[in-house]
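Survey of secondary and tertiary structure
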Amino acid sequence: MTDSPLPDSQSFPAVMERAVQLVGQRVTRSQLQEIAALFHTVCWEFPDYGLKSYFMISDQGEVRSAAHWSGVVDGVVTLDASTFHDAAFGKTSFGFAFFTGRLRVSGIQPMKLGRFMPLVQPFLESYQQACQELGANAP
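Before going into details, it helps to say that this report is about the structure given with it. Model, not experiment: these values are computed from the prediction. (Residues numbered from 1 in each chain as written. Predicted model: local features only at pLDDT ≥ 70, side-chain atom pairs only at ≥ 80, totals over all residues. Heavy atoms only, no water.)

**Side note on the sheet that holds strand β4 (residues 75-79)**
- Read from one edge to the other, the open sheet built from five strands follows the order β3-β2-β1-β4-β5, with strand pairing classed as mixed. Strands with a single pairing partner mark the edges of an open sheet, and in this sheet they are β3 (63-66) and β5 (103-106). This sheet shows a mean twist of 20° between the axes of neighbouring strands, independent of strand direction.
- Bridging between strand β1 (residues 41-46) and strand β2 (residues 51-57) involves six bridges; their strand directions are antiparallel. By the bridge assignment for β2, Trp 44 is matched with Ser 53. (Pairing = 2+ DSSP bridges. Helix = DSSP H or I, 4+ residues; strand = E, 2+ residues; numbered from the N terminus. Axes fitted to C-alpha atoms, helices over the stretch in contact; angles between N-to-C directions.)

**Description of the pattern of salt bridges**
- In total, this model carries four salt bridges according to the counting rule given.
- Of the charged contacts, one joins Arg 18 and Glu 133 as a salt bridge, the two residues approaching to 2.6 Å between their closest N and O atoms. Taken together, the positions of Arg 18 in helix α1 (residues 12-26) and Glu 133 in helix α6 (residues 120-136) put the pair 115 residues apart, joining distant regions of the chain.
- Judged by relative accessible area, which is 21%, Arg 18 ranks as partly exposed.
- The exposure class assigned to Glu 133 is partly exposed, which follows from its relative accessible area of 25%.
- Its salt-bridge partner being Glu 125, residue Arg 26 comes within 3.6 Å of it at the nearest N-O pair. (Salt bridge = Lys/Arg side-chain N within 4 Å of Asp/Glu carboxyl O. Buried < 20%, exposed > 50% of the residue type's maximum accessible area, 1.4 Å probe, protein only.)

**What to know about the pairing of β3**
- With four bridges joining them, β2 and β3 adopt antiparallel strand pairing. Looking at the pairing, Met 56 lines up with Arg 64 of β3.

**Focus: the pairing of β2**
- Along β2, five of the seven residues are buried, which leaves the element largely enclosed by surrounding structure.
- In sequence, β1 turns back onto β2 through a hairpin of four residues, with Gly 50 there showing a positive phi of about 65°.
- The antiparallel hairpin formed by β2 and β3 contains five residues in its connecting segment, where Gly 61 sits at a positive phi of about 85°.

**Concerning the nonpolar core**
- Grouped together as the largest cluster of nonpolar side chains are 37 residues, with contacts concentrated most on Trp 44, Phe 84, Phe 94, Leu 119, Phe 123 and Tyr 127.
- Elements supplying a minimum of two residues to this core: α1, α2 (29-36), β1, β2, β4, α3 (81-88), α4 (94-99) and α6.
- Beyond its immediate chain neighbours, meaning those up to four positions away, Tyr 127 contacts Leu 6, Pro 7, Phe 12, Val 15, Met 16, Ala 19, Phe 84, His 85, Ala 88 and Phe 89. (Core = buried A, V, L, I, M, F, W, Y, C linked by side-chain atoms within 4.5 Å. Contact = heavy atoms within 4.5 Å.)

**Digging into the side chain of Thr 78**
- As for its position among the elements, Thr 78 is in strand β4.
- According to the relative accessible area criterion, Thr 78 is buried, its value standing at 6%.
- Once you skip the residues sitting within four places of it in the chain, Thr 78 turns out to touch Glu 45, Pro 47, Arg 102, Leu 103 and Arg 104.

**So, the packing of aromatic side chains**
- According to the stated counting rule, one finds twelve aromatic pairs in the structure shown.
- Here the aromatic rings of Phe 89 and Tyr 127 are separated by 6.4 Å at their centres, their planes lie at 70°, and the arrangement is edge-to-face. Pair noted here: Phe 89 is in the loop between α3 and α4 and Tyr 127 is in helix α6, with a separation of 38 residues, a long-range link. The same class applies to Phe 89 as to Tyr 127, namely buried.
- Put simply, the rings of Phe 12, Trp 44, Phe 46, Tyr 49, Phe 55, Phe 84, Phe 89, Phe 94, Phe 123 and Tyr 127 pair up and form one aromatic cluster. (Phe/Tyr/Trp six-rings, centres within 6.5 Å; stacked < 30°, edge-to-face > 60°.)

Okay, here's the thing in structure tokens:
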């Protein structure tokens, strides 16, 4: 997939919402149910945009996103939107971002983090697609 420009802070929430919808289509319901046994809500925090995006998985394996959430959060992934974008388009990796301190994970025990990993690549691919779709629809 070709690179897309980084969405601005106004359009980024819509791109993230669409990416979560696409994850629900890419990842099997049984895989999502397995992940839901450990995580129901993960907050993706983007300090450069002052935004949070909540990725939620129900026990039935349904996914949804929210810009605001007052319930329990199982973990927080903090990184700049630009780092997330660069990881999605192959300019960096989450591993490198983590190693260099540009990505932080809190609230997720290392033993459980491995169970979260099957969502990472589909989420990045879904984000790519959402950028392409919503970028094409931009005025």
